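# Results of the structural survey
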Protein chains: 2
Amino acid sequence: LPRSTLESLLQRATKGNRRAISRLISLAENHADARMKILSSLYWKAGKAYVIGITGPPGCGKSTLIARLAKQYRSTGSRIGIVAVDPTSQISGGALLGDRIRMGDLASDPGVFIRSMASRGQSGGIARATEDVVRILDASAIDYVIVETTGVGQSDIDVKTLARTTIVVTAPGLGDEIQALKAGIMEIGDIFVVNKGDNDNADRTMQEINSTVVMSEENHGWRPPVIKTTATTGEGITALKEAIRQHSQYLQDSGKVERKRTGELRRAFLDATKRYFEDVTLTQIVLSRRFERLMKKVETRQLDPYTAARHLLQGFRGQMPASKHKRNLTTS
Amino acid sequence: LPRSTLESLLQRATKGNRRAISRLISLAENHADARMKILSSLYWKAGKAYVIGITGPPGCGKSTLIARLAKQYRSTGSRIGIVAVDPTSQISGGALLGDRIRMGDLASDPGVFIRSMASRGQSGGIARATEDVVRILDASAIDYVIVETTGVGQSDIDVKTLARTTIVVTAPGLGDEIQALKAGIMEIGDIFVVNKGDNDNADRTMQEINSTVVMSEENHGWRPPVIKTTATTGEGITALKEAIRQHSQYLQDSGKVERKRTGELRRAFLDATKRYFEDVTLTQIVLSRRFERLMKKVETRQLDPYTAARHLLQGFRGQMPASKHKRNLTTS
C-alpha cells in the first residue's frame, strides 16, 4: 500500500467518506503495519464523538432500539456510527433476520456508518478490533458511535471503558437464563432500559431493576434512570435520548470526563505498547536464532514454554547495558 | 507465599487433592509470579487428560448434558474436571438455577472438580484464565476435562484450540436468535448433539444439521456424527460417549494428535512469551523513567500513544548490542 493512498484515505475518512472509513477499518484489521499508522495518524482527531454502549441479552430488542435512537439523532443532523459486536444483531444489514424489521433506510443513509464485528475477528482479537473501529469512527466526523454488545459476562468486550454512557437493555419475559445474564451487567449501566414496554410484565421488570439500582446509587454519584421503551413503536425513545444527554452533562459537570481522559491516555499508551510488542517486536523475536534455539529446547523437553519465555525476555532485558541505559535517560 | 507451601500444593494437586487444585487455580488467577511458577512446574505433567469442549447457546441444555456425561465417566472410575465458562451455566453449584436440576451429588463427588469462570476474570482475561484452569486440571490426575462455553462468536474463548473433541449442542425451538448463533459454531463441531430429543421438532433439527455437516465433510477427514440426546432422561448419552471415544481414536490413528502437539508447543511458547512480557517485563518498563518521560509527551500531546509505544520498544531493542547478542547465541 503506497503511503499516498493511505494518506488520501485518512483525509477522506476524517471528512466522513464512508468508503474511505470502510477501507481504513479493513486495513487496520488485516495489517499490523497499516494499523499502527492509521491509529497513530487519527489519534488526535479522535475524542470528539460521543460513544454510547448498548448492551443486553439476545432477544431484548437492542437492535430495534438502536435503529430508533440512530434515527432520532439523524433527525437533528448528527452523523452516526453503529458497531455491532453482538453476533445476533439485526443491525448489520439484516442478512439473518432482516425481514422481521426494516433496517434498510438506515443502512442506505450516507450519514450512518454500520459495521458488524460478528463474523470478523478470530478469537482473541475482537475486543481490540472493536476498539480500533470505534477509534477510527471517532476520528471520522461521526458525532455518535453506538456499540452494541450482548453484555454477557464472558465477552471480552469491555464496553464500559469504550463508552461514555453505557445503556443496559432488558425486556420482560426472557426466561431464567436471561435473568441470570442480567446479574453480571447490572453494575455497568449508566441508564437502564426495559424494552417491550407494552408487555404485561414490563412494570414488574421496571420495579425489579429500580430496586437494584437504588442499592448501588452511592457507588456512582449518578442515579441510573430506568426507562421504559417500546422500540417497535418508538415509545420512550425521546426520553432515552434525553437521559443520555443528562448523563453526558453529569460527566462534564462532575469533572469525570477530564479524569477519565487522563486515565485513558495512560491506558492507551500501555495498550499500544502491548500491541507493538505482539505485532512488531514479537515477530522480530520469532525470526531470531535465539527463539529457534529455545524452541528446540522446548520441543526436546529440556525447557517448558514458561521457563523458555523467561529466558527469552530476561535475556532481552539483560542485554541492555546499565551504563548505556542511564546515559540514554539523561541525554535524550 | 513461601516456596515450600507452593511445592506442597503442587504435589497434592498432582495427586488429585481438590483443595490444593482450587488453591493453585486461585493463586494462578491472582498473582502473575505464582502463575508462572505453577504453570511452569505443572507443564510436563499435563497432556494426559482428554479435554472435551461443549458449546452451544443458552437454553439448549448443555449443563444437564455435561452432568450426565460426567456421571457416565465417573461410573467407570474416571476423574472429571468441569470448567464452566458459560455465565448461564447450571453446573457451577447451581446458585442461580440449581433448583431446576439437581447437580448436588456431582458437586459433592470427590472425583469431580467443578470451576466456574463466569463471575471471575475481568474482561480480557477470561480466555487465558480458562486455559490456565484447564492446564492445572490436566496436570492434576484428572482424566477428562469438560469445558462449557456458549459458543457465541464474540466469546474470546477458543474452545477448539483447547479441546481434543469439540461438541456443538443445539436444541429444537430455541428461536431465531439462537439459530443465528448456530451459524458461527457449525464449523468447529467434531460431534453435533441435538438435545431435547423428545421435542416434536427434534428430527427436523437433526436433518438440518446433518445436511450442513455433509457439506463440510471433506475439510475434516472426519464426518461429524449428529447425535440425538434427551439429557433430562439420559437418553443418548451412551452414544455420545461412544462418539467421543471414536473421535479420540480417529485423532490418534490419523496422526493428528502428534501434529497438534507440535503446533501446541510452539503456540504455548509464543503465548508464554506474550504473557511474560505483559506480566513481568511491562511492569518493569512502566516503573522506568523512560516510560514516564514518554508518558509526559503523550499527556502534553507531543506524541500519540502508538508512536510513543514504538519509541519505547524500538529503544528497548536497539540497546541490545549486536556483538554481545551473537556471543550469547554461540556460547550457551
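## Some thoughts on the confidence of the model for chain A
Residues and elements named next belong to chain A. Across chain A, the average pLDDT comes to 80, with 79% of residues at or above 70. The least confident element of chain A, judged by mean pLDDT, is helix H15 (residues 322-331) at 38; the most confident is strand E7 (residues 226-228) at 95. Confidence over residues 93-101 falls short of pLDDT 50; this stretch has nine contacts with residues more than four positions distant or in other chains. Scored below 50 in pLDDT, residues 317-332 makes 23 contacts in the model with residues more than four places away or belonging to other chains. Per the prediction output, this complex has pTM 0.68; the corresponding ipTM is 0.71.

## Comments concerning the sheet that holds strand E4 (residues 144-149) of chain B
Residue and element names in this part refer to chain B. Read from one edge to the other, the open sheet built from seven strands follows the order E3-E2-E4-E1-E5-E6-E7, with strand pairing classed as parallel. Both edges of this open sheet fall to strand E3 (112-116) and strand E7 (226-228), since each of them pairs with a single strand only. Pairs of neighbouring strands in the sheet enclose a mean axial angle of 20°, with direction left out of account. One ladder, built from five bridges, connects strand E2 (residues 80-84) with E3; its direction is parallel. Its bridge partner being in E3, Ile-80 is matched across the sheet by Val-112.

## Overview of the sheet that holds strand E5 (residues 165-170) of chain A
Residue and element names in this part refer to chain A. Strand order across the open sheet formed by seven strands is E3-E2-E4-E1-E5-E6-E7, with parallel pairing between neighbours. Edge positions in the open sheet fall to strand E3 (112-116) and E7, since each of these has one partner strand only. Neighbour to neighbour, the strand axes of the sheet diverge by 20° on average, direction disregarded. In terms of strand pairing, E5 meets strand E6 (residues 191-194) through four bridges, oriented parallel. When the sheet's bridge partners are listed, Val-168 is paired in E6 with Phe-192. Its contacts with the sheet put helix H11 (residues 237-253) on strand E1 (50-55), E5, E6 and E7, and the angle it makes with E1 is roughly 125°.

## Considering the environment of Arg-19 of chain A
Relative to the helices and strands, Arg-19 of chain A is located in helix H2 (residues 18-30). For Arg-19 of chain A, a relative accessible area of 73% puts it in the exposed group.

Parameters and conventions
- Residues numbered from 1 in each chain as written.
- Chains lettered and ligands numbered in written order.
- Predicted model: local features only at pLDDT ≥ 70, side-chain atom pairs only at ≥ 80, totals over all residues.
- Heavy atoms only, no water.
- pLDDT = per-residue confidence, 0-100.
- Helix = DSSP H or I, 4+ residues; strand = E, 2+ residues; numbered from the N terminus.
- Contact = heavy atoms within 4.5 Å.
- Pairing = 2+ DSSP bridges.
- Axes fitted to C-alpha atoms, helices over the stretch in contact; angles between N-to-C directions.
- Buried < 20%, exposed > 50% of the residue type's maximum accessible area, 1.4 Å probe, protein only.

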